[in-house]
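In case you want the letters, here they are:
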Amino acid sequence: MNREEIIARLKPIIKVYVDDKSSLDHLDESTDFIKDLKINSANLVDIVLDVEEEFAIEIDNTAMEKMLSVGASIAVIEQKLADK
Amino acid sequence: MIGNDIVDLDRAARDSNWQRKGYLNKLFTASEQYLIASAPDASIMVWLLWSMKESAYKINSRKTGLRSFAPVKLICDSIIINEHNATGSVSYEGEWYYTRSEFNDAYVHTIASCEQEELQAIKIQITGFYSDYKSSMPQCVSHHGNYLALTYL
């Protein structure tokens with residue numbers, strides 16, 4: 001799975017937790033969940049759980065620590081898919 | 001340095017299903033989960049512990065300039081709960097923060113400080129959201145749902 005495919009499957013997950021959907025128009029790897037998309041920090045864990053289900057991977061706490069942006073999340077997903 | 005965090009309980013109930021499988025495990029230590037399981041109102045306990053972690057995290061990230069999503073590393077301890085308020089501490093990688101919380105049917109609010117004396121001196125104002133709150137020069141601000149929490153030293 002390449003990064004474009006991962007981002008295409010990640011975007012609908014993220015969308016659920018974003019109030020201002022127009023902020024998703026310019027989504028790229030540098031997009032920060034909290035600073036750019038104003039996602040509530042309590043919902044970051046929902047994104048992590050949704051990602052685990054969508055990609056059938058398990059995200060440990062050390063990997064979760066980094067998941068504050070689209071790019072960092074893609075890197076974690078790639079790593080966990082490679083480890084499977 | 002101080003940090004604060006407010007949780008609008010109506011908004012939290014709509015936005016977060018903490019009963020979701022795996023949710024509590026990713027946010028709370030085993031002993032925190034035990035507090036939630038044995039609390040008379042589990043939901044209040046979830047958001048009380050969460051606001052303690054968030055308020056301590058805000059100080060830490062401002063102090064170090066580092067950001068991460070590591071809720072289980074923020075460990076709530078020494079919690080004493082009364083009818084509508086609570087005190088406790090949060091440790092994070094060897095740093096300690098003291099917390100003072102108040103809660104009711106509408107919200108949970110926590111302030112954290114590195115120093116116990118400072119914690120006592122903090123003035124808190126909780127209001128509905130308004131946009132020009134910065135003119136009152138609050139030390140720190142937390143906004144969630146319908147509520148705005150401003151703290152002054």
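Conventions adopted
Residue numbers here run from 1 along each chain, matching the order of that chain's written sequence. Lettering of chains starts at A and numbering of ligands starts at 1, both following the order in which they are written. Given that the model is predicted, a residue must reach a pLDDT of at least 70 before its local features are reported, and side-chain atom pairs must reach 80 or more before they are shown or counted; all residues, however, enter totals for whole chains, interfaces and linings. Only hydrogens and water are removed before side-chain values are computed, so all heavy atoms of the structure are retained for them. Labels follow the DSSP assignment, with helices taken as runs of H or I lasting at least four residues and strands as runs of E lasting at least two, numbered in each case from the N terminus. In this treatment the radius of gyration is a C-alpha quantity, and the globule benchmark scales as 2.2 Å times the residue count to the 0.38 power. Throughout this description, buried means an accessible area under 20% of the type-specific maximum (1.4 Å probe, protein chains only), exposed means over 50%, and partly exposed covers the range between. Whether two residues are in contact is decided by their heavy atoms, any of which lying within 4.5 Å being enough. Each residue carries a pLDDT score, the predictor's confidence in it, ranging from 0 to 100. UniProt positions are given in the numbering used here, feature names are shortened, and annotations may be inferred rather than shown by experiment. In this description, the term disulfide denotes a pair of cysteine sulfurs within 2.5 Å. Throughout this description, a polar contact denotes any pair of N or O atoms lying within 3.5 Å of each other; where both atoms belong to protein, one of them has to be capable of donating a hydrogen while the other can accept it, and for residues adjacent in sequence the pair is counted only when both atoms sit in side chains. Pairing between strands is defined by DSSP: at least two bridges between the two strands are required. Between the N-to-C directions of two axes lies an angle of 0 to 180 degrees, each axis being a line fitted to C-alpha atoms and, for a helix, fitted only over the stretch in contact.

1. Regarding the overall build of chain A
Okay, so step 1: Secondary structure summary: chain A contains 4 helices and 0 strands in total.
Okay, so step 2: Counting helices and strands in the order they occur from the N terminus, chain A gives α-α-α-α.
Okay, so step 3: For 84 residues, the compact-globule estimate of 2.2 N^0.38 gives 12 Å, and the C-alpha radius of gyration of chain A, at 12 Å, lies within 12% of that figure.
Okay, so step 4: For chain A, the C-alpha atoms occupy an extent of roughly 35 × 25 × 20 Å along the three principal directions.
Okay, so step 5: Relative to its 84 residues, chain A shows a buried fraction of 49%.
Okay, so step 6: Within chain A, contacts between residues separated by at least 24 positions form 55% of all contacts whose residues are at least 6 apart in sequence.

2. A word on the overall build of chain B
Okay, so step 1: Counting its regular elements, chain B contains 5 helices and 8 strands.
Okay, so step 2: Ordering the α and β elements of chain B from the N terminus gives β-α-α-α-α-β-β-β-β-α-β-β-β.
Okay, so step 3: Against the 2.2 N^0.38 benchmark of 15 Å for 153 residues, chain B shows a C-alpha radius of gyration of 15 Å, consistent with a compact globule.
Okay, so step 4: Over its C-alpha atoms, taken along the principal directions, chain B stretches across nearly 45 × 35 × 30 Å.
Okay, so step 5: With 153 residues in all, chain B has 50% of them scored as buried.
Okay, so step 6: When contacts within chain B are restricted to residue pairs at least 6 apart in sequence, long-range pairs at least 24 apart make up 52% of them.

3. Things to note about the confidence of the model for chain B
Okay, so step 1: Of all residues in chain B, 100% attain a pLDDT of 70 or more, and the chain-wide mean is 96.
Okay, so step 2: Reported for the predicted complex are a pTM of 0.95 and an ipTM of 0.92.

4. With respect to the environment of B:Ala56
Residue and element names in this part refer to chain B.
Okay, so step 1: As for its placement among the helices and strands, Ala56 is situated in helix 4 (residues 42–64).
Okay, so step 2: Note on Ala56: relative accessible area 0%, which makes it buried.
Okay, so step 3: A sequence separation of 46 residues divides Ala56 from Asp10, and the C-alpha atoms of the two residues are 23 Å apart.

5. Remarks on the UniProt feature "domain: 4'-phosphopantetheinyl transferase" (unreviewed entry) in chain B
Okay, so step 1: The UniProt entry lists residues 2–111 of chain B under the feature "domain: 4'-phosphopantetheinyl transferase" (unreviewed entry), expressed in the numbering used here.
Okay, so step 2: Taken end to end, residues 2–111 of chain B is 40% helix and 34% strand, and its first and last C-alpha atoms sit 7 Å apart.

6. A look at the state of the cysteines
Residue and element names in this part refer to chain B.
Okay, so step 1: As enumerated under the stated definition, the model contains 0 disulfides over all chains in all.
Okay, so step 2: Among the cysteines around Cys140, which has no disulfide bond, Cys114 carries the closest sulfur, lying 11 Å off.
Okay, so step 3: What makes Cys140 buried here is its relative accessible area of 6%.

7. Notes on unusual backbone geometry
Okay, so step 1: One non-glycine residue, A:Ala56, lies in positive phi territory at about 50 degrees.
Okay, so step 2: Along the polypeptide, A:Ala56 turns up in the loop between helix 2 (41–55) and helix 3 (61–64).
Okay, so step 3: The backbone of B:Met137 sits at a positive phi, close to 55 degrees, despite the residue not being glycine.
Okay, so step 4: With respect to the helices and strands, the residue B:Met137 is situated in the loop between strand 6 (123–128) and strand 7 (140–144).

8. Focus: the side chain of B:Ser68
Okay, so step 1: Tracing the sequence through the fold places B:Ser68 in the loop between helix 4 and strand 2 (74–81).
Okay, so step 2: Setting aside residues up to four positions removed in sequence, B:Ser68 forms contacts with A:Glu65, A:Leu68, B:Tyr57 and B:Tyr92.

9. So, the environment of A:Lys38
Okay, so step 1: Within the fold, A:Lys38 resides in the loop between helix 1 (3–15) and helix 2.
Okay, so step 2: At a separation of 2.7 Å, a polar atom in the side chain of A:Lys38 contacts the main-chain carbonyl oxygen of A:Lys35.

10. Some remarks on the sheet that holds strand 6 of chain B
Residues and elements named next belong to chain B.
Okay, so step 1: The sheet built from 3 strands is open, its strands ordered 6-8-7 with antiparallel pairing. Each having just a single partner strand, strand 6 and strand 7 make up the two edges of the open sheet. Neighbour-to-neighbour, the strand axes of this sheet turn through a mean angle of 15 degrees, independent of strand direction.
Okay, so step 2: Strand direction decides the pairing type here: strand 7 and strand 8 (residues 147–152), joined by 5 bridges, are antiparallel. Bridging from a neighbouring strand, Ser142 pairs with Ala149 of strand 8.

11. Some points on the pairing of strand 2 of chain B
Residue and element names in this part refer to chain B.
Okay, so step 1: When strand 2 meets strand 3 (residues 85–92), the two strands line up antiparallel, connected through 6 bridges. Residue pairing in the sheet places Leu74 in a bridge with Tyr92 of strand 3.
Okay, so step 2: Between strand 2 and strand 3, which pair antiparallel one after the other, the connecting turn spans 3 residues.

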